[in-house]
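Coordinates in review
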Amino acid sequence: MRESVLICALAVACATLAAVLPGRAASQTFPAVESFPDPRDLRPSNSPPDPLVMLDGRRVQDRAMWEKERRPELKRLFQHYMYGYMPSRPPKLNARVVREDRSYFGGRATKREIDLQFGSSVTRPIHLLLVTPNGRAHPAPVFVCIAFCAPFAAVNDPTIPVPTGWMYPGAPGIVNNRATEAARGGQVDVWNIEQTIDRGYAVALYYNGDVEPDAPSSREGVRWNLLRRGRKELDSLDWGAVAAWAWGAQRVVDYLVKDPSVDRKRIAVVGHSRNGKAAIVAGAFDERIALVIPLQAGCGGTAPSRGTVGESVTRINTSFPHWFNANFKQFNDRPEFLPFDQNALVALCAPRPVLFSNAEEDSWANPTGQFKVLRAANAVYRLYGSGGISATSVPPVNTLIDSQLGYFIRPGKHSMTKVDWDAFLDFADRHFGKPK
Ligand code: GCU
């Protein structure tokens, strides 16, 4: 009831704003945070808004209302207040196979390097590494992998050229944000691609920096390429880098659904940390993605924005001002004003399986808060008659909860390891069926 009062007030504010901003599309007429009623009077400050209550106070009654009204509304809210509006699919996709090796990994796989180019406005291609298992009876289910590294670092393969674009500092072989030969194969143990192939899955890996370099002042990425005509700066509603990386995953899916070597009904997306944030955004906005695995994604992804452990909204917006849109900064020091929390992002994936995966020592990503986020998405999964998650507490380490909303935590630190991949593959086997 009190929730309804708050959201009715929000709805009135929306209508008012629509009247004063006639040039804005309907999807952009949400109010500024200053005009929100104070939510602290209405609910405990850590509890998230109910994903099943519309902005105008109506309660979602059934699946049809969720799909027709609330789900689109939530997608607009997340874009408006947090991730920024993502451009639609570019009209053209040109896929060029640059190199192919049919006897990869000692003959167990086929590798293709494929450049994905989207018309003339997006200046740089996504360099996709697609590795598919050989000798299988059916097209392979596939993991779309959003990576911190370019393909030449994810496999030991002397034929892949050293990339020339902006690279993350810190990894061996990266000098002045550019890759050198010494970085080749440096992330093989992160991606564990051979193991995935041997379990019957394909891997489609791309570097997030091909889409958008992770640097606040970069103008090399898709956000600048697609700036609406006549505009010289990004504005408060424009998308941040997390949305751009998610957009990249969707473009990879555009390609994969047309490639007969993979099973277009069994496409999973995986990303670690900031790329895990991108993975869950991609899953929430694209129903072609059948399974979603954000690893240690934390604040701005899988952890509650209202959380009190680990990274806060203020901190992430300060350290990484380019990850979200300018509007999101309105919630610094007052995340309880957000008209959603991350459980609603999980809910957008319903009824598809989602696995939250964590590490015990990674309190920055708030593993326990993430578990609560999953629990708070349950109601929407129930609309589909899907169990969501029935576990009521974080499981012991190394014990996979493999329900539709799954959870896994291992000992150790913030990183992607073979143990994580073992859990991802078990989770995929459970929901996709073991590949044949
Ligand atoms: C930082 C940041 C996190 C992020 C992580 C990563 O720690 O605060 O939000 O997930 O980097 O991407 O590795």
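Shown above is the structure to which this text applies.
Our subject in this report is the structure included herewith.

Rules used throughout
Residues numbered from 1 in each chain as written. Predicted model: local features only at pLDDT ≥ 70, side-chain atom pairs only at ≥ 80, totals over all residues. Heavy atoms only, no water. Helix = DSSP H or I, 4+ residues; strand = E, 2+ residues; numbered from the N terminus. Buried < 20%, exposed > 50% of the residue type's maximum accessible area, 1.4 Å probe, protein only. Contact = heavy atoms within 4.5 Å. Polar contact = N/O pair within 3.5 Å; in protein donor to acceptor, adjacent residues only side chain to side chain. Pairing = 2+ DSSP bridges. Axes fitted to C-alpha atoms, helices over the stretch in contact; angles between N-to-C directions. 1 Å grid on protein atoms, 1.4 Å probe; cavity = no way out; pocket = protein on both sides within 12 Å on 5 of 7 lines; lining within 4 Å. Points joined across faces, edges and corners; volume = space filled by probe spheres on them. Nonpolar A, V, L, I, M, F, W, Y, C, P; charged D, E, K, R; others polar. Core = buried A, V, L, I, M, F, W, Y, C linked by side-chain atoms within 4.5 Å. Domains from an automatic or database assignment.

As for unusual backbone geometry
Here the amide bond leading from A350 into P351 is cis, since omega sits at 0°, within 30 degrees of zero. Phi is positive for S273, close to 60°, though the residue is something other than glycine. Tracing the backbone shows S273 in the loop between β8 (262-272) and α9 (274-285). One non-glycine residue, N366, lies in the positive phi region at around 55°. The exposure class assigned to N366 is buried, which follows from its relative accessible area of 6%.

Here we look at the environment of E34
Among the secondary structure elements, E34 is positioned in the loop between α1 (2-20) and α2 (63-83). Residue contacts for E34: discarding those within four places in its chain leaves Q330 and R334. Of the polar contacts made by the side chain of E34, one reaches the side chain of R334; its length is 3.0 Å.

Section: the sheet that holds strand β9 (residues 291-295)
In spatial order, the strands read β1-β2-β3-β7-β4-β8-β9-β10-β11; together these nine strands make up an open sheet with mixed pairing. Taken across any chain shown, the strands that pair with only one partner, and hence form the sheet edges, are β1 (94-104) and β11 (405-410). Sheet twist, expressed as the mean angle between neighbouring strand axes with direction ignored, is 20°. Judged from the eight bridges that link them, strand β2 (residues 109-117) and strand β3 (residues 126-133) form a sheet pairing that is antiparallel. When the bridges of β3 are listed, R112 appears paired with L130. Packed on one face of the sheet, helix α8 (residues 241-256) meets β1, β2, β3, β4 (140-147), β7 (202-207) and β8 and runs near 50° to β3. Of the strands in this sheet, β4, β8, β9, β10 (354-359) and β11 touch helix α14 (residues 418-432), which is tilted by about 165° from β9.

Thoughts on empty space enclosed by the protein
Taken as a whole, this structure holds two cavities of 30 Å³ or more when the rule is applied. Size it by volume and the second largest cavity reaches roughly 60 Å³. Taken together, F118, V122, R124, I126, D210, V211, E220, G221, V222, N225 and W247 make up the lining of the second largest cavity. Broken down by secondary-structure element, the contributors of at least two residues to the lining of the second largest cavity are α6 (208-211) and α7 (222-225). Of the residues that constitute the lining of the second largest cavity, the class distribution is six nonpolar, two polar and three charged.

With respect to the nonpolar core
Ranked by internal contacts, the top residues of the largest apolar core, which has 135 residues, are F78, F143, W191, I193 and L256. In terms of residue count, α8 provides more of this core than any other element does, 12 residues in total. If you count residues domain by domain, this core takes at least three from each of domain 1 (2-83) and domain 2 (93-432). Those residues in contact with F78 that sit more than four places away from it in its chain are Y83, G84, F285, F340, D341, Q342, A344, L345 and L348.

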